Amino acid sequence: MAGTNLLTLLDDITTLLDDIATMSKVATKKTAGVLGDDLALNAQQVTGVAAERELPVVWAVAKGSFLNKAILVPAALLISVWLPWLITPLLMIGGLFLCFEGAEKVFAKFLPHHEEVTNEGEQLDLVEYEKQKVKGAIRTDFILSAEIIVITLGTVAGATLVNQALVLCVIAIIMTIGVYGLVAGIVKLDDAGLYLLNQSKESANKFKELLGKGLLAAAPRLMQFLAFAGTVAMFLVGGGILSHGIELLHHWQLEVTSTGKSLFNGTGEVLAPLIFDGLLGVIAGLCVVVLHIIWSKITKRRH
């Protein structure tokens, strides 16, 4: 009898794991787009950090990301059970914040701004700079993680609460390890190139020399591209959250997509919503930045 019960239990566990694996695959496919944006945004956050501090910074952000998901997973489950109507407004706030961050980066690049300097030697406080980088990356990760978890939650909405919790945990762990593992690899490409170049001098290996030179040449260009892609991703993700959360904007997006499809077939169907979301993100971000500037000036006058 005990043996039969044990076999039944093992069969139930196997079935449960199979269900979780299937749901996790579906959820991973649906969150793949956000994963790409997450990768670009987090790789961008490491730009400007000293070479020897790149991996410690990535590790610090990865730990923050795990903490974000440790907060978000139970919170999402509780909200989905008790306050399901609250998910969309919270995502909208997160989307606006992403648009705001993207617009701020554009303003910082094209408009003159003052950097914080120390009195001795007029040098930037690198420790404080690194802390700000980590805080900014963790803050951005929180919003992207929330979107990933909400998308995943929607995918497994019909499952039991236990299955939902397990799938969310699996996705959270896979996404975090995947994103920050790739970020760590990207930021150390130049080190890999330098290592291969030094090895080629010792062994006179032309392939290693060419590969090393290629990696050294590609690394800074890749980081520049990711910095640009990260800012674009903020507008795309933020605009996408807004267009899916506001019925009127979603209706407009569908009309734009339909027009794009009729004019350019499949290419238009793919690009039209991206362009719509991106422009919406830029407009929303600029509006929030302007409001933020006005609010800052009002509070300064009061003081």
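Residues numbered from 1 in each chain as written. Predicted model: local features only at pLDDT ≥ 70, side-chain atom pairs only at ≥ 80, totals over all residues. Heavy atoms only, no water.

Trainee: Explain the overall build of the protein to me, please; I cannot follow it from the model alone.
Mentor: Within the protein, the regular secondary structure consists of nine helices and zero strands. What you see in the protein, going N to C, is helices and strands ordered as α-α-α-α-α-α-α-α-α. Relative to all contacts within the protein whose residues are 6 or more apart in sequence, the contacts with residues 24 or more apart total 79%. Here the protein displays about 18,200 Å² of accessible surface, and carbon together with sulfur accounts for 69% of that area. (Helix = DSSP H or I, 4+ residues; strand = E, 2+ residues; numbered from the N terminus. Contact = heavy atoms within 4.5 Å. Areas by Shrake-Rupley, 256 points an atom, 1.4 Å probe, with all protein chains shown as cover.)

Trainee: I keep staring at the packing of aromatic side chains and nothing clicks. Help me out?
Mentor: Aromatic rings in a pair are described by how distant their centres are and how their planes are angled relative to each other. Summed over the entire model, instances satisfying the criterion amount to one aromatic pair. Ring geometry for F97 against F100: centres 6.2 Å apart, planes inclined by 45°, an arrangement best described as tilted. Of the two residues, F97 and F100 both sit in helix 4 (residues 87-110), three residues apart, roughly one turn of that helix. (Phe/Tyr/Trp six-rings, centres within 6.5 Å; stacked < 30°, edge-to-face > 60°.)

Trainee: Where do I start with the pattern of salt bridges in this structure?
Mentor: Any two side chains of opposite charge can pair, given that their charged atoms come close. Applying the stated rule across the entire model yields five salt bridges. In this structure, D191 and K188 form a salt bridge, with 2.5 Å as the shortest nitrogen-oxygen distance. What makes D191 partly exposed here is its relative accessible area of 33%. Each of the salt bridges in this network shares a partner with another, and the network as a whole consists of K206, E209 and K213. (Salt bridge = Lys/Arg side-chain N within 4 Å of Asp/Glu carboxyl O. Buried < 20%, exposed > 50% of the residue type's maximum accessible area, 1.4 Å probe, protein only.)

Trainee: I would appreciate a short explanation of the nonpolar core in the present structure.
Mentor: Note on soluble globular proteins: their nonpolar side chains tend to be buried together. One finds V73, L98, I149, L153 and L168 to be the most contacted residues of the largest nonpolar core, which totals 18 residues. Every element with two or more residues in this core is listed here: helix 3 (54-82), helix 4, helix 5 (126-155), helix 6 (161-187) and helix 8 (206-245). For L153, the residues in contact, after removing those within four places along its chain, are A76, L77, S80, I87, Q164 and L168. (Core = buried A, V, L, I, M, F, W, Y, C linked by side-chain atoms within 4.5 Å.)

Trainee: Sorry if this is basic, but what is going on with the packing of helix 4 against helix 9 (residues 247-302) here?
Mentor: Between helix 4 and helix 9, the shortest axis-to-axis distance is 7 Å and the interhelical angle comes to 75°. The orientation of helix 4 with respect to helix 9, classified from their angle, is roughly perpendicular. Along the contact surface, helix 4 presents L96, C99, F100, A103, E104 and F107, while helix 9 presents G281, A284, G285, L286, V288, V289 and H292. Within the contact of helix 4 with helix 9, the residues separate by chemical class into nine nonpolar, three polar and one charged. (Axes fitted to C-alpha atoms, helices over the stretch in contact; angles between N-to-C directions. Parallel < 35°, antiparallel > 145°, perpendicular 65-115°, else oblique. Nonpolar A, V, L, I, M, F, W, Y, C, P; charged D, E, K, R; others polar.)

Trainee: Whenever I open this one, unusual backbone geometry confuses me. Can you help?
Mentor: Across residues other than glycine, the phi torsion is negative in most instances, and most of the peptide bonds are trans. Although it is not a glycine, N265 sits at a positive phi angle of roughly 60°. Assignment of secondary structure puts N265 in helix 9.

Trainee: Would you mind going over a nonpolar patch on the surface with me for this structure?
Mentor: There is a patch of nonpolar side chains on the surface, built from L78, V81, W82, L83, W85 and L161 and spanning about 710 Å² of accessible area. The dominant element in the nonpolar patch, judged by the number of residues it contributes, is helix 3, at three residues. (Patch = residues over 30% accessible without salt bridge, like charges linked within 9 Å, V, L, I, M, F, W, Y side chains within 5 Å.)

Trainee: When you look at the confidence of the model for the protein in this model, what are you seeing that I'm missing?
Mentor: Low-confidence regions, as indicated by low pLDDT, have predicted coordinates that should not be scrutinised in detail. For the protein, per-residue confidence averages 79 on the pLDDT scale, and residues scoring 70 or more make up 78% of the total. Ranking the helices and strands of the protein by mean pLDDT puts helix 9 first, with 92, and helix 1 (residues 2-30) last, with 50. Throughout residues 1-13 the model reports pLDDT below 50, and contacts reaching past four residues in sequence, or to other chains, amount to zero contacts. A low-confidence stretch, residues 114-123 stays under pLDDT 50, and its non-local contacts, those more than four residues away or across chains, total five contacts. (pLDDT = per-residue confidence, 0-100.)

Trainee: Before we go on, may I ask you to explain the packing of helix 5 against helix 6 in this structure?
Mentor: Angle between the axes and distance between the axes: these two values describe a pair of packed helices. Running from N to C, helix 5 and helix 6 cross one another at 140°; their axes reach a closest spacing of 10 Å. Accordingly, the angle class assigned to the pair helix 5 and helix 6 is oblique. Where helix 5 crosses over helix 6, the two elements pack in a sense that is right-handed. For the pair formed by helix 5 and helix 6, the contact residues are D141, I148, I149, T152 and L153 on the first element and Q164, V167, L168, I171, M175 and Y180 on the second. (Left-handed = near helix turned anticlockwise from the far one by under 90°.)

Trainee: What is the right way to read the environment of I171 from this model?
Mentor: Mapping I171 onto the fold places it in helix 6. Sequence separation between I171 and K69 is 102 residues, and the spatial gap between their C-alpha atoms is 9.9 Å.

Trainee: Sorry if this is basic, but what is going on with helix 8 here?
Mentor: Along an α-helix, residues three or four apart share an orientation, since each turn contains 3.6 residues. Here helix 8 contains 40 residues, and its C-alpha end-to-end distance of 55 Å stays within 8% of the 58 Å for a straight helix at 1.5 Å per residue. At A218, helix 8 is bent by approximately 30°, the largest bend along its length, and proline P220 sits one to four residues beyond. Capping the start of helix 8 is the job of one residue whose side-chain oxygen sits 2.9 Å from the backbone nitrogen of F207: N205. (Expected span 1.5 Å × (residues − 1). Bend = angle between axes of the 7 residues up to and from the residue. Polar contact = N/O pair within 3.5 Å; in protein donor to acceptor, adjacent residues only side chain to side chain.)

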